[in-house]
Amino acid sequence: MEFDLHKALNNLTLDAEWVGLRQVSEKASTRYVRDGNPEANRQSRTQGVMVEVLANGQFGYAATNRLDRAGIQAAAEQAQQQAIAAAPWAIHSFTADVRPKAVGQYTSPVGQPSDAISVSDLVGLLTQVCQTLKVSDKVVQTSAMAQTVETEQRFVSSNGSDVYQRFFFVETDYASTAQDGAVTQKRTDNGQLARCYQAGVEVFDPAAVLARARQIGEQSVELLVSEECPTTTATLVLAPDQMMLQIHESIGHPLELDRILGDERNYAGSSFVKLSDFGTLVYGSPLMNVTFDPTVPGELAGYAFDDGGTPAQREYLIKEGLLLRGLGSLESQTRSQVPGVANFRATSWNRPPIDRMANLNLEPGTSTFEDTIGDVEFGVYMESNRSWSIDDYRNKFQFGCEYAKLIENGKLTKTLRNPNYRGVTNQFWRSLVKVGDRHTLAMYGTPYCGKGEPNQAIRVGHASPTCVFSNIEVFGGVA
């Protein structure tokens, strides 16, 4: 990052209570192969600065990709004008206390740098993935995608903040679609774009990647001759790759404080959770322990500081089923008087930070996988999200999965296709009866959590063990 952000800050002539500059530089490479044929080989770069100004108790924002003194000055004046214009309509007056001084660095854990694998070798591996996915003539389409992203971010402010963070992201997606007559089934690598990490190209270990590809292809064909998931009330066992979405939609979004305060109601929705629920609401069973933890190595949304300069640390949102803390930045915490976390995040240089999820994890319990299904007389085990629907209060939901197994007398038996389940958030989590141990835990992520106006798609991570829920409505069919 050659642009001198400190010099740009010192050169500003502005009458403001606080000024912050956040520079982001990002380069991304995407390779996509379908049916063994390369279809995309894209590279992109973006760079710019977001200027934040506190004036008359309000924050104004303006972004620029003109990285010179005049460009930064113009953006700062525009941000100041926004803040002043907002002041007469303010619902809360802020001070610089919500932008604490922050100094530090962070770099993603990387085993092998991006240049450790050539473009031709990576495309060759993706081609091999497609070939491996095609285990039968009944596999009618295969695809393999790999994206690597390198992001540099620097944040400086008038009260002495200086934070540098460098992120390396690897995101992959492999899929096989099989067809036999009128029956079509798609199987992916733990759900579309679920295998996303902060890591290097060690993720592309050929033996591991091709082994997964073969299993994906075989299961897509297996599903063609499988029975439809029954419509009944049963014990539901969810694999970590489906728990990822369950956590995201029915814990993450309803606990965002800006939603609860009403800021997101127009676009992303609100929440069934009230401010008075924190410290009192029994969100789930005593086995439910949920943490916000950007410090987990390799998980997709790890960082040392959020985009407002708050140091990131592990916090319990829900402990032994009791709701304790919200997903809210210092701004939202000040407005709501509810404890929050370091989650003030922006998707890029041209967006202001808002309350976002980061790494949101369900802590493991003590049950082995054999224990989780061992005393289930009749139930369904489901993997890999395929579809989802949840109301704008994040309360009533139904989710569909790609792959399922019937559980009979403590054993996985028949494969089931088109499995779905439905529930209501608190009732569902209160039905949690077993939580798998660390050996059942797996970590996933997604780069496409959408929120905000204008929209921001941001990276989030979720880790979970296998979990068991009692008396859940399950049903078949394409939901």
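In what follows, the accompanying structure is described. Predicted model, so just to flag it, every value in this text is computed and none were measured. (Residues numbered from 1 in each chain as written. Predicted model: local features only at pLDDT ≥ 70, side-chain atom pairs only at ≥ 80, totals over all residues. Heavy atoms only, no water.)

## Overview of the overall build of the protein
Quick note on the threshold: Secondary structure elements follow DSSP: runs of H or I no shorter than four residues count as helices, runs of E no shorter than two count as strands, and numbering proceeds from the N terminus. Here the radius of gyration uses the C-alpha set of atoms, whereas the globule reference equals 2.2 Å times the residue count to the power 0.38. Residue exposure (1.4 Å probe, protein chains only): buried if accessible area is under 20% of the type maximum, exposed if over 50%, otherwise partly exposed. It only takes one pair of heavy atoms within 4.5 Å for two residues to be counted as in contact. We get accessible surface area from the Shrake-Rupley algorithm with a probe of 1.4 Å; when it comes to residues, only the shown protein chains can shield them. All tallies of charge rest on Lys and Arg as positive and Asp and Glu as negative; His and the ends of each chain are not included. In plain terms, the charge of a residue is placed at NZ if it is Lys, CZ if Arg, CG if Asp and CD if Glu.
Along the protein, the regular secondary structure elements total 9 helices and 24 strands. Taking 479 residues into account, the globule formula puts the C-alpha radius of gyration at 23 Å, and the protein, at 24 Å, falls close to it. When its C-alpha atoms are laid out on the principal axes, the protein stretches across 70 × 55 × 35 Å. Split into buried and exposed, the 479 residues of the protein put 59% on the buried side. Across the protein, the fraction of contacts at a sequence separation of at least 24, relative to all contacts at a separation of at least 6, is 75%. Total accessible area on the protein stands at roughly 19,400 Å², and carbon and sulfur atoms take up 46% of it. Side-chain charges in the protein split into 43 positive and 55 negative, and the spacing between the mean points of these groups amounts to 2 Å.

## A short note on the packing of aromatic side chains
Going by this rule: A pair of aromatic rings is counted whenever rings of Phe, Tyr or Trp (Trp by its six-membered ring) have centres within 6.5 Å, and the orientation is called stacked for planes under 30 degrees apart, edge-to-face for over 60 and tilted otherwise. In this scheme, the term charge over a ring applies when either NZ of a lysine or CZ of an arginine sits within 6 Å of the ring centre and within 35 degrees of the ring normal.
Evaluated as defined, the whole model comprises 15 aromatic pairs. Considering the side-chain rings of Phe272 and Tyr283, the 5.9 Å spacing of their centres and the 40° angle between planes classify their relative orientation as tilted. Placement of the pair is Phe272 in the loop between α6 (257–260) and β11 (290–292) and Tyr283 in the loop between α6 and β11, with a sequence separation of 11 residues. Pair check on accessibility: Phe272 and Tyr283 agree, each one buried. Where Tyr421 meets Phe428, the ring centres are 5.9 Å apart and the plane angle is 20°; that geometry is what we call stacked. Members of the aromatic cluster, joined through ring pairs, are Phe397, Phe399, Tyr421, Phe428, Trp429 and Phe469. Across from the ring centre of Trp18, 5.5 Å away, lies the NZ or CZ of Arg99, which sits over that ring.

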